[in-house]
Amino acid sequence: MLPGTIGETIELIEAAGGKAFGIVADLEDPRQRADLIDQVVQHTGRIDILVNNAGFADYSMVEKMSLETFDRTVEHYLRTPFVLTQAAIPHMRAQGAGWIVNIGSVTGLPPIRPYRDYNKTSGDVIYASLKAALHRFTQGVAAELLDSNIAVNAVGPSSAVRTPGAASLIPDTFPTEPVEYLAETVLAMCHRPAAERTGLVAFSLHYPWSQRIPVHTLDGREVLPPLEPPATANPNILPGGM
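All values reported here derive from a predicted model rather than from experimental measurement.

Participant: An account of the packing of aromatic side chains is needed here, citing residue identities and associated values.
Facilitator: Per the stated rule, a full pass over the model turns up two aromatic pairs. Considering the side-chain rings of Y59 and Y127, the 5.5 Å spacing of their centres and the 50° angle between planes classify their relative orientation as tilted. You can see Y59 sitting in the loop between strand 1 (49-52) and helix 3 (67-95) and its partner Y127 sitting in helix 5 (residues 125-145), a full 68 residues away along the chain. Arranged with centres 5.2 Å apart and planes meeting at 90°, the rings of Y77 and Y127 form a pair that is edge-to-face. Within this pair, whereas Y77 is found in helix 3, its partner Y127 is found in helix 5, the two being separated by 50 residues in sequence. The class of Y77 is buried, set by a relative accessible area of 7%. On the basis of relative accessible area, Y127 is assigned to the buried category, the value being 15%. Aromatic rings pair up to connect Y59, Y77 and Y127 into one cluster. The aromatic ring of F56 is capped on one face by R72, whose charged end is 3.9 Å from the ring centroid.

Participant: Tell me about the sheet that holds strand 4 (residues 201-203), and name the residues and values.
Facilitator: Ordered in space as 1-2-3-4, the four strands form an open sheet in which the pairing is parallel. In this open sheet, the two strands that pair with only one neighbour each are strand 1 and strand 4. Ignoring strand direction, the axes of neighbouring strands in this sheet form an average angle of 20°. The pairing of strand 1 with strand 2 (residues 98-103) spans four bridges and is parallel. Of the residues in strand 2, the one forming a bridge with N52 is N102. Together, strand 1, strand 2 and strand 3 (150-156) form the strand contacts of helix 3, whose direction differs from that of strand 1 by roughly 175°. Contacts from helix 5 reach strand 2, strand 3 and strand 4, with the element oriented near 160° to strand 3.

Parameters at a glance
Residues numbered from 1 in each chain as written. Predicted model: local features only at pLDDT ≥ 70, side-chain atom pairs only at ≥ 80, totals over all residues. Heavy atoms only, no water. Phe/Tyr/Trp six-rings, centres within 6.5 Å; stacked < 30°, edge-to-face > 60°. Helix = DSSP H or I, 4+ residues; strand = E, 2+ residues; numbered from the N terminus. Buried < 20%, exposed > 50% of the residue type's maximum accessible area, 1.4 Å probe, protein only. Lys NZ or Arg CZ within 6 Å of the ring centre and 35° of its normal. Pairing = 2+ DSSP bridges. Axes fitted to C-alpha atoms, helices over the stretch in contact; angles between N-to-C directions. Contact = heavy atoms within 4.5 Å.

This is the structure we're talking about:
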């Protein structure tokens, strides 16, 4: 069982005494994407949380990027969150509450000047531009849904998480972080009233550090050491979120 897959997640939940089911959908297929929320509601009768995390990244310098790669990146990081959010809103509104969490990225913030070698050569411009759009999408939809008790947030790594899918895009010298800090940032937010947290875009090392939130292992059994944001972190990150 591959770590982080739907199958492993279901196994872990059931081993802990919970119940879970998985639905596989190709988010590049408009029909499967459009039907996903309805399938969840048919199984559960409601939808409390939507996490927009699926993505595609094929880094390329703008001069050399194909229009197909550009369109596919837009499809994953803006159209898909839009379609799934739009489908979830009526259900959340009807039940009187809900939470939409978009996985953002520090690349969506303005790069540091003078520009680093990474910014000159990584080819992440379109990916980063779409993450910036996702941050703004988060804050705008948060305003639209405030009066319906539906919170909308974006949470991203302060540096990068070296997942199997992202490892090939992250230089060996680039600072990375354990995924637990990202998970704890999301968990900490859900304990705050929707009206208080909605619209906040936060980053995973800065938020727990600034709010003095203990970070647990994913199974909740141990507390990890406090991890101060690295000196190399983008100075445009606001520790308490923006």
